[in-house]
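# Chains, contacts and geometry: an overview
Next come the chains, spelled out residue by residue.
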Amino acid sequence: MAGEEEELRGNAEVHAALAAMLYSESPKQIDRAETQWEIAREFDERFSNLDWVKQEKHWPPAMQTALGNFLNLK
């Protein structure tokens with residue numbers, strides 16, 4: 001079960017990144033981005049904390065900015 005839980009956490013990161021990129025590339029895709037975000041948060045709510053993402057994940061600056069914009073809906 002522990003391996004399965006770790007696998008789901010990895011999926012959370014993919015969904016969070018996809019949400020950020022969808023919104024960053026086209027704010028008109030907010031519905032798709034929000035769907036991906038809901039999936040990410042089901043598995044790991046820590047992605048809602050941009051500081052955590054910056055410290056614990058190795059996302060490039062552009063992705064961090066995209067996530068920040070998504071979280072603040074800019």
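This text gives an overview of the structure that appears in the document.

Cut-off values and rules
Residues numbered from 1 in each chain as written. Predicted model: local features only at pLDDT ≥ 70, side-chain atom pairs only at ≥ 80, totals over all residues. Heavy atoms only, no water. Helix = DSSP H or I, 4+ residues; strand = E, 2+ residues; numbered from the N terminus. Buried < 20%, exposed > 50% of the residue type's maximum accessible area, 1.4 Å probe, protein only. Contact = heavy atoms within 4.5 Å. Salt bridge = Lys/Arg side-chain N within 4 Å of Asp/Glu carboxyl O.

What follows concerns the overall build of the chain. Looking only at helices and strands, the chain has 4 helices and 0 strands in total. In the chain, the succession of helices and strands from N to C terminus is α-α-α-α. Within the chain, buried positions represent 32% of all 74 residues. Across the chain, every contact between residues at least 6 apart in sequence was considered, and the portion connecting residues at least 24 apart equals 54%.

All right, on to the pattern of salt bridges then. Using the criterion set out here, one finds 3 salt bridges in the structure. With a shortest N-O distance of 3.5 Å, Glu 13 and Lys 57 are connected by a salt bridge. Of this pair, Glu 13 sits in helix α1 (residues 2-25) while Lys 57 sits in the loop between α3 (50-56) and α4 (61-72), and the two are 44 residues apart along the sequence. The exposure class assigned to Lys 57 is partly exposed, which follows from its relative accessible area of 23%. Between Asp 44 and Arg 46 there is a salt bridge; the shortest N-O distance is 2.7 Å. Overall, Arg 46 belongs to the partly exposed group, its relative accessible area being 39%.

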